[in-house]
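Structural features, examined
Now for the letters of each chain:
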Amino acid sequence: MNQFPWLINPTSVLVLNELKSYVFVENMRHMLYPYSPDMPIYFGYNFKLFYSPFGNASYMSGGSGYVLSREALRIFVHGLNDSSKCRQEDNHAEDVEMGVCLYNLGVLAGDSRDSTLRNRFFPMAPYTLLMSKYNGLDFWLFRYAYYNPRACRNCLSDYPVAFHYVSPEDLYVYDYFCYELELYERPQVQERLPEKILPGQLYIPPSDNSCSCSCNPSAFRLVGPLSGQQEPEQQIQWEQDEQERQQEQEEQCEQEEQL
């Protein structure tokens, strides 16, 4: 296991999720670069973990998959059979119970968004979120998303990691567009790796999506405080910066709708 510092769940990396998921492995490696495989953390598209006694917890959508660090996998394997933390019955949603189990075991639910707060994992097909008029505000994704979801041409990361609900035929189309299609005279993008994140520097932002969900409570067994806190003044500055970015993106979405 030491030679594979990061593992992605099989339904994504092998595209076994009913042949409906596509993963950009190169972008996944780029996203994971700042994080040590010894951090107990995992990534995906964050959904709200409702009815948590701590009020601010998330789990990862199984649709677009999730990535576990080496340490997160070790903790999961050793704690999976603990019935006080992980459901033993096979009678509930896999991704929800995976999130509850990892939460109870102390594994952090990471923030997979890019530096401009655009998502990189998507439990939907690209066109669903590229077109702002495709879904109304009551769309289920907008209520379940842990971080404020947006739908507009500039709301998807330039380096996406995974999409869900991709048809078998479109899997071949995605592959062609990514690895074979060339654009004449397209300027090359100057790429660079992100900086490494030390354990003491890790900060996972709280939920910024105020949309409520009407789902029924589940008997989650949640224990232990959330980790990854930041100094108060740093958190205040981050929240102010995020509010400004949100306002800018909302204005961009409104402009897209008027076109």
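Below you will find a few notes about this structure. (Residues numbered from 1 in each chain as written. Predicted model: local features only at pLDDT ≥ 70, side-chain atom pairs only at ≥ 80, totals over all residues. Heavy atoms only, no water.)

A word on the nonpolar core. In terms of nonpolar packing, the biggest core is built from 56 residues, with I41, Y42, F43, F121, L141, F163 and L202 touching the most fellow members. If you tally residues by element for this core, the top one is helix α4 (residues 94–104), at six residues. (Core = buried A, V, L, I, M, F, W, Y, C linked by side-chain atoms within 4.5 Å. Buried < 20%, exposed > 50% of the residue type's maximum accessible area, 1.4 Å probe, protein only. Helix = DSSP H or I, 4+ residues; strand = E, 2+ residues; numbered from the N terminus.)

Now for the packing of aromatic side chains. Overall, the coordinates contain 12 aromatic pairs when judged by the stated rule. A centroid spacing of 6.1 Å and a plane angle of 85° characterise the contact between F24 and F163, whose relative ring orientation is edge-to-face. Of this pair, F24 sits in the loop between β2 (22–23) and α2 (25–32) while F163 sits in strand β9 (residues 162–163), placing them 139 residues apart in sequence. Residue classification places F24 among the buried residues on the basis of a relative accessible area of 11%. Overall, the relative accessible area of 6% leaves F163 in the buried class. For the pair Y42 and Y66, a centre-to-centre distance of 6.5 Å together with 80° between the ring planes defines the contact as edge-to-face. With Y42 in strand β3 (residues 41–43) and Y66 in the loop between β5 (58–60) and β6 (67–69), the pair connects residues that are 24 residues apart, well separated along the chain. Taking the relative accessible area as the measure of exposure, Y66 reaches 4% and is therefore buried. (Phe/Tyr/Trp six-rings, centres within 6.5 Å; stacked < 30°, edge-to-face > 60°.)

What follows deals with the environment of H30. As for its placement among the helices and strands, H30 is situated in helix α2. A relative accessible area of 24% places H30 in the partly exposed class. Remark: the alpha-carbon pair of H30 and R192, spanning 162 residues in sequence, is separated by 9.4 Å. Residue contacts for H30: discarding those within four places in its chain leaves R120, R192, L193 and P194. (Contact = heavy atoms within 4.5 Å.)

Moving on, we get to the sheet that holds β9. Hydrogen bonds between backbone groups are what pair the strands of a sheet, and the pairing can be parallel or antiparallel. Pairing is mixed across the open sheet formed by three strands, whose spatial order is β2-β9-β8. Sheet topology places β2 and β8 (121–122) at the edges, where each strand pairs with a single neighbour. Across two bridges, the pairing between β2 and β9 is antiparallel. In the strand pairing of β9, Y22 is matched with F163. (Pairing = 2+ DSSP bridges.)

A contiguous nonpolar surface patch, about 450 Å² in accessible area, is contributed by V173, Y176, F177, L181 and L183. With respect to the helices and strands, the residue L181 is situated in the loop between α7 (168–179) and α8 (232–258). (Patch = residues over 30% accessible without salt bridge, like charges linked within 9 Å, V, L, I, M, F, W, Y side chains within 5 Å. Areas by Shrake-Rupley, 256 points an atom, 1.4 Å probe, with all protein chains shown as cover. Salt bridge = Lys/Arg side-chain N within 4 Å of Asp/Glu carboxyl O.)

With respect to the helices and strands, the residue R70 is situated in helix α3 (residues 70–79). Residue classification places R70 among the buried positions, given a relative accessible area of 18%. Separated by 2.9 Å, the side chains of R70 and D38 make a polar contact. (Polar contact = N/O pair within 3.5 Å; in protein donor to acceptor, adjacent residues only side chain to side chain.)

Before going further, it helps to examine α3. Taken residue by residue, α3 has R70, E71, A72, I75, F76 and G79 as its buried positions. Next to the buried residues of α3 lie β3, β6 and α4.

With respect to the element layout, R118 can be found in the loop between β7 (108–109) and β8. Residue class for R118 comes out buried when judged on its relative accessible area of 10%. A distance of 3.3 Å separates the side chain of R118 from the side chain of D158, its partner in a polar contact.

All right, on to the pattern of salt bridges then. For the structure shown, the criterion picks out seven salt bridges. With its nearest N and O atoms 3.0 Å apart, the salt bridge here joins R87 to E97. Of this pair, R87 sits in the loop between α3 and α4 while E97 is found in helix α4, placing the two residues 10 residues apart along the sequence. For R87, a relative accessible area of 23% corresponds to the partly exposed category. The exposure class assigned to E97 is buried, which follows from its relative accessible area of 13%. For the salt bridge of D111 with R113, the shortest nitrogen-to-oxygen distance reads 3.0 Å. Owing to a relative accessible area of 12%, D111 belongs among the buried residues under this scheme. What makes R113 buried here is its relative accessible area of 6%.

Interpretation in functional terms is not warranted from these geometric data alone.
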